[in-house]
Amino acid sequence: MRTAGRAGFVARGVVYVLIGVLALEIALGKGGGEADRQGALHQVAAQPFGLAMLWILVVGFACMALWRASLAAYGEAGRKKTGSRILSAGRAVFYASVCWGTAAYAAGSGGQTGSNAKSQDWTASALKLPGGQVLVAIVGVVLFGVGVGIAVSAIRRTFLKKLNTAAMSVRVRKVVTALGIGGSTARGTVFAGAGVFIVVAAVRFDPKQAKGMDATLRSFAHTPAGPWLLVLVALGLVLFGAFSFASARWRKL
């Protein structure tokens, strides 16, 4: 399970670094690809031995799902709290879906829709349900809260509790801390932004207002800060990818 967890963090790191690079290219006007997981997989596939690397990512995400499932079953670091185990179960399901989507892409289903279309399709389907408008609003609020929680935890440096900092030198700990703060804050910002757009879609009863990761990132370029906010968030996502690599090395598993 320890090996599986570390492999999963490496796979997550690869995808976030690529998403960050794609977002940075968009901010600088040099890229037209989608800055989301689908766009990252496309970048991997375009490389020499791309298909092999895609299947390696599939294995990595499968390992992450397996490790998260073990935490749901047995608790993390001896902690048996129900809330923590339910959260781990949810993450296991999420990474299982990521694994499945990556495998489908590697197997030749490269025409999968991106995050923007998926978000709008899900919102449109949910709005058709009885009480769908309230349901979509709740999902948006929860996603916004998750994003804020991630950012706050990053600023408070609570992620250090899950790392074996005793095995780090002073310099390495400072670097890893910076990666965790900057990376997780950027990730939380993206989650919170996506949550806001889902709430707007619910209020206006318009699924087209919902945005996936790509459209959420692009929206940062249209704020008063201009493309520079997107540059900061993009760099932060690259940092989060690097933090994932650090977690593969020093996470307490």
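So, how was this worked out
- Residues numbered from 1 in each chain as written.
- Predicted model: local features only at pLDDT ≥ 70, side-chain atom pairs only at ≥ 80, totals over all residues.
- Heavy atoms only, no water.
- UniProt positions renumbered as here; feature names shortened; annotations may be inferred.
- Helix = DSSP H or I, 4+ residues; strand = E, 2+ residues; numbered from the N terminus.
- Buried < 20%, exposed > 50% of the residue type's maximum accessible area, 1.4 Å probe, protein only.
- Contact = heavy atoms within 4.5 Å.
- Salt bridge = Lys/Arg side-chain N within 4 Å of Asp/Glu carboxyl O.
- Core = buried A, V, L, I, M, F, W, Y, C linked by side-chain atoms within 4.5 Å.
- Expected span 1.5 Å × (residues − 1).
- Phe/Tyr/Trp six-rings, centres within 6.5 Å; stacked < 30°, edge-to-face > 60°.

Looking at an unreviewed UniProt entry, one finds the protein chain named DUF1206 domain-containing protein and attributed to Streptacidiphilus jeojiensis.

Let us look at the UniProt feature "domain: DUF1206" (unreviewed entry) in the protein chain. UniProt marks residues 7–75, 89–157 and 183–251 with the feature "domain: DUF1206" (unreviewed entry), using the numbering shown here. The annotated region residues 183–251 carries 78% helix and 0% strand content, and the separation between its end C-alpha atoms amounts to 16 Å.

What follows deals with the side chain of S88. Within the secondary structure, S88 is located in helix α4 (residues 82–106). For S88, a relative accessible area of 3% puts it in the buried group. In contact with S88, other than residues within four places in its own chain, are R68, L71 and A72.

Tallying each qualifying case throughout the model produces 1 salt bridge. Notably, a salt bridge pairs R218 with D214, separated by 3.0 Å at the nearest N-O pair. Highlighted residues: R218 and D214, both in helix α8 (residues 213–220), separated by 4 residues, approximately one helical turn. Classification of R218 by relative accessible area gives partly exposed; the value is 29%. A relative accessible area of 4% means that D214 is categorised as buried.

Let us look at the UniProt feature "transmembrane region" (unreviewed entry) in the protein chain. What UniProt calls "transmembrane region" (unreviewed entry) maps, in this numbering, to residues 9–29, 49–71, 92–111, 131–155, 176–205 and 225–246. As a span, residues 9–29 carries 90% helix and 0% strand, and end to end its C-alpha atoms are 30 Å apart. Secondary structure across residues 176–205 divides into 97% helix and 0% strand, with the first and last C-alpha atoms of the span separated by 43 Å.

On to the nonpolar core, then. By size, the foremost hydrophobic cluster in this structure holds 50 residues, and its most contacted members are F61 and L217. Listing elements by their share of this core, those giving two or more residues are α1 (2–27), α2 (37–45), α3 (50–74), α4, α7 (170–204), α8 and α9 (227–250). With 5 residues, the next largest nonpolar core counts A126, L127, I198 and A202 among its residues.

Attention now goes to α1. The terminal C-alpha atoms of α1 lie 38 Å apart, and with 26 residues this matches the ideal 38 Å at 1.5 Å per residue to within 8%. G29 sits one or two residues past α1 and shows a positive phi near 70 degrees.

Once that is clear, we can look at the packing of aromatic side chains. Each aromatic ring pair is summarised here by two numbers: the centre-to-centre distance and the angle between the ring planes. Across all of its chains, the model carries 6 aromatic pairs by this definition. With 6.4 Å between their ring centres and 20 degrees between their planes, F61 and Y95 make a pair best called stacked. In this pair, F61 sits in helix α3 while Y95 sits in helix α4, placing the two residues 34 residues apart along the sequence. Both residues of the pair, F61 and Y95, belong to the buried class.

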